[in-house]
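# Report on the structure
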Amino acid sequence: MAEAADFQGSGPSPARRWLRRTTALVAGAPLLAGLVQLPTAGPAHADGQPTAKADGDAGSVAVAVDSLTPSAPTDGDTVTVSGTVTNNGKQTVTDAHVGLRLGAEINTRSSIDAIARDGDDLQGTVAPEIDDKYSEKFSKLTPGVAEHFNISVPVDDLDLGDDGVYEFAVSLSGQTSAQPWEQILGIQRTFLPWQPDEAGTTTKTTALWPLVSTTHMAAETGANEEQTPVFLNDDLAKEISPGGRLNQMVTLGKDLDVTWVVDPDLLASVDAMTGNYSVRDGDRTVAGTHQDVAKQWLADLQDAVADKEVISLPFADPDLASLAHNGTDVTGSLNQLKSATDVIHNTVDPILHVKPSTDFAWPVDGAIDRSIVKVATSAGADKVIARSDSLQETSGLPYTPSAARPIGGGTTAVVADDRLSTAFEGDLAKASSSTLAVQRFLAQSLALNHQTSEQRSVVVAPQRMPSGSQARAMAEALRALQGGTWSESQKLSAAAAAKPDPEATTKVPSASSYPSALRKKELPRSAFVQIARTQDTLDNFKVVLSDPSRVATPFGRALNREMSASWRGRADEAASFRSGVKSYLDGLTGRVRLIDKSETKLSGRSATIPVTVQNNLVQDVGPLVLRLTSTNPTRLEIDGADYEEQPISVSGGHSQSVKFTTSANANGRATVIAQLYTADGRKYGDPVTFDVKVTEITATVMLVIGGGVLLLVLAGFRMYTQRKRAAAREAENAEKAEKAEKAEKAEKAENAENAEKAEKAENNGSDGSDAAAEAPEDSEDGPENQEGTDGRPEEESGARSRAGDPEQPSDPTPDTPAESADPSGTGERVDR
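Quick caveat: nothing in here was measured; it's all calculated off a predicted structure.

This part is about empty space enclosed by the protein. Overall, the coordinates contain six cavities of 30 Å³ or more when judged by the stated rule. If you add up the space inside the largest cavity, you get close to 90 Å³. For the lining of the largest cavity, the secondary structure elements donating two or more residues are helix H9 (333-342) and strand E15 (360-361). Here the residues of the lining of the largest cavity sort into 10 nonpolar, three polar and no charged.

Below, the discussion takes up the nonpolar core. Ranked by internal contacts, the top residues of the largest apolar core, which has 70 residues, are Phe541 and Leu626. When near neighbours in sequence (up to four residues on either side) are disregarded, leucine 626 contacts Leu594, Val611, Val613, Glu644, Glu645, Gln646, Ile648, Val658, Phe660, Ala674, Gln675 and Leu676. Counting residues in hydrophobic clusters, the runner-up holds 64 residues, among them Val262, Ala294, Leu298 and Val305.

Next up on the list: the packing of helix H13 (residues 431-449) against helix H14 (residues 468-482). At a minimum axis distance of 9 Å, the contact between H13 and H14 shows a crossing angle of 35 degrees. When the axes of H13 and H14 are compared, the crossing they make is right-handed. Facing Ser434, Val438, Phe441, Leu442 and Ser445 of H13, the residues of H14 in contact are Ala473, Glu476, Ala477, Leu478, Ala480 and Leu481. Residue composition of the contact of H13 with H14, by class: eight nonpolar, two polar and one charged.

Turning next to H13. Relative to the 27 Å expected for 19 residues at 1.5 Å per residue, H13 spans 27 Å between its end C-alpha atoms, a close match to the ideal helical length. With respect to burial, H13 is a largely interior element, 15 of its 19 residues being buried.

Counted residue by residue, strand E8 (residues 203-211) has eight buried out of nine residues, so it is predominantly covered. Where E8 and strand E20 (residues 487-489) come together, three bridges link them in parallel fashion. Note that in E20 the partner of threonine 203 across the bridge is serine 487. In terms of strand pairing, E8 meets strand E19 (residues 457-460) through four bridges, oriented parallel. Its bridge partner lying in E19, alanine 207 is registered against valine 460. One ladder, built from four bridges, connects E8 with strand E11 (residues 259-262); its direction is parallel. Looking across to E11, one finds that proline 210 is bridged to valine 261.

This prediction gives the protein chain a mean pLDDT of 85; 83% of its residues lie at or above 70. A low-confidence stretch, residues 1-58 (pLDDT under 50), is modelled with 86 contacts involving residues beyond four sequence positions or located in other chains. Counted against residues more than four places away or in other chains, residues 766-832, with its pLDDT under 50, gives 24 contacts.

Moving on: the sheet that holds strand E13 (residues 284-287). Ordered in space as E9-E10-E12-E13, the four strands form an open sheet in which the pairing is mixed. The outermost strands of the open sheet, each flanked by one partner alone, are strand E9 (217-221) and E13. Shown here is a sheet whose adjacent strand axes are inclined to one another by a mean of 40 degrees, direction ignored. Two strands pair when backbone bridges link them, and E9 and strand E10 (residues 229-231) are joined in this way by two bridges, in the antiparallel orientation. Along E10, the bridge assignment pairs methionine 217 with phenylalanine 231. Contacts from helix H6 (residues 264-273) reach E9 and E10 within the one sheet, and its direction differs from that of E10 by about 110 degrees.

The next subject is the packing of aromatic side chains. Enumeration over the complete set of coordinates arrives at five aromatic pairs. With 5.2 Å between their ring centres and 70 degrees between their planes, phenylalanine 231 and tyrosine 277 make a pair best called edge-to-face. You can see phenylalanine 231 sitting in strand E10 and its partner tyrosine 277 sitting in the loop between H6 and strand E12 (278-281), a full 46 residues away along the chain. Here phenylalanine 231 and tyrosine 277 have matching classes, each one buried. Measuring from centroid to centroid gives 5.4 Å for tryptophan 567 and phenylalanine 577, while their planes differ by 35 degrees, and the two rings are tilted.

Definitions and cut-offs
- Residues numbered from 1 in each chain as written.
- Predicted model: local features only at pLDDT ≥ 70, side-chain atom pairs only at ≥ 80, totals over all residues.
- Heavy atoms only, no water.
- 1 Å grid on protein atoms, 1.4 Å probe; cavity = no way out; pocket = protein on both sides within 12 Å on 5 of 7 lines; lining within 4 Å.
- Points joined across faces, edges and corners; volume = space filled by probe spheres on them.
- Helix = DSSP H or I, 4+ residues; strand = E, 2+ residues; numbered from the N terminus.
- Nonpolar A, V, L, I, M, F, W, Y, C, P; charged D, E, K, R; others polar.
- Core = buried A, V, L, I, M, F, W, Y, C linked by side-chain atoms within 4.5 Å.
- Buried < 20%, exposed > 50% of the residue type's maximum accessible area, 1.4 Å probe, protein only.
- Contact = heavy atoms within 4.5 Å.
- Axes fitted to C-alpha atoms, helices over the stretch in contact; angles between N-to-C directions.
- Left-handed = near helix turned anticlockwise from the far one by under 90°.
- Expected span 1.5 Å × (residues − 1).
- Pairing = 2+ DSSP bridges.
- pLDDT = per-residue confidence, 0-100.
- Phe/Tyr/Trp six-rings, centres within 6.5 Å; stacked < 30°, edge-to-face > 60°.

Structural data, given as structure tokens:
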């Protein structure tokens, strides 16, 4: 970018410059006379100030400026400088003192860069010391020992001239035994911005405050109903805990007038930590314990962004340059960017309770080319945050133009200033490094303001993930700037809408202009190919699930994370994450599978073959289509054709079998293939192949089988008749027993009656003739058959009268021999 030291309105008037040069020449005249006698003196400063050149041990003492307050002094202030001096040489330094040196006004931004680059170089010019009373003396500096200093000087005694940026240096002078004369042994240059009164024209400055982190969540979730999230590690808890990087970003940004730039993935991850979550610990997972920390961080962030402008990046901050250069020819890659954009409002709004802007795309380091702009705007953004070292000025402008640039197609490039944006990179853990960064930032900002009297809009877009020390330096610089006299804060949306400079460059560079250092860190094409394959597997899996959201959400967000710009410089970790997501998804899809089958024998012209589908998921699957195909239909047909399809649904944790009707046409072995398909006809899972051995049935075999069947029938009939006869016998025996029981009861009743009659006769004193006379009344036969007519006892006659009753199994065996059937002898009486 062109610089203009003498551009109208950019510096002191010609008369004032002539006066200052004349004064410098007069003041330097005695020194010019002494140059002949001082061999160590260097050439005069560009503005006439004397210089000192390093001797043999020059630079042996390190000077560190740990603080400079105030960073941008005004009238009446006292500037205090503190730090340390360390003797890094081998000889003790004696008669040493630390002094302050005020250099000339710096009129160009490139001069600021040059001075900062050679800040501790003694080979250049060195301004003279301020009054000796503003110094700190040390009798000696021992090698390796650091000594602290603290010097204060009123601004009025610095004799600052016109508004602008001045070189301000702290030096250590002393002598050594090898060179026993006073010399400068160490120096540290920095800058003193001087704008005591409100500037006539202020710069509108937009500072971005990024809340972006690396990927922390895995695609894996718990199998429970809540789907407990799983974190790759516990690093996020460290970042949001007190003292952590993200905790400092929120704490520092709360009191700054900045535009917040957030990654929805970070918000979603911290929000997931507020409930139950797990953390991977080697091959196992353990319960997370930082719920309170997560809740507090989100509460602090909500408070910090209230009434502030919030810009949301797409979910997981996708690498737009990598996608543009390596992914656009891979099917589905641009859809990933769209899905990452669509999820913004479902993430940021509910968590932060603010409506973010989604109009801005932010490529890595603001480096753009035509392909990056095309990709960045494909998901709906119409503004691209670029950087001035990418979209460089080619029209010879002597000042830095405003940020907004129309670049065609309704797209606006918001060009951040590269010097201000990169001021806080590098290691700022040391207080001295941080102080130098702050002073350089303020110096560049004031120099930019003095370039022209036209008001401009400037954007500061720092690195995406500042460290804690970088964040502290940024906050210190922005506090000084926002409390200063030459800048006013502005939102990013206002900077994008500002009137563009008509002479500013609007031509977007070609892809060949993209920095090679950045290109080397891009995601390779193979990464986008793997992402596409994983997406295809996910799409195939979702359609068979009863609740596809249980996999669509976690895996969809994991695929967004695979495209994150945070993987730059971490190629191995990125590849491991992508492989882990794919492996876990394959494991889930493999839980719905066909059970392997061994060889099946088919002994007949037709039979059914069962095929089993197993579902080891917690949710139901279906509808699926199970197809059984015969590779040799001339030998074995499936339902009269080459194949048959049947729909199937399987409950979670269960298996389901499907039976297929087959018919054999010839003997031999036929190979059969079982394959699952989704409802839209895509293959699901691996097929199962097995053999069916077909055996033809002959007439002899049929005869043998028929004889066997006949024998089985006859045996069954015989068993039936035997059981029927046994049942009849049991019924007959039961009937006989019943009749015997009745006869026994009748006999007992008759005996009782006879006994009663006999007792009555005895009581009446009657003889045997009375009994005999009464007998015919009880007899059913004639007199010859009546009881006692043959002179035998009554019991015998009664026994004979019951001889014709049916025999009962319980009847006793008779104790007299059976009556003879032969003709009776002469004179023997036979009853008829």
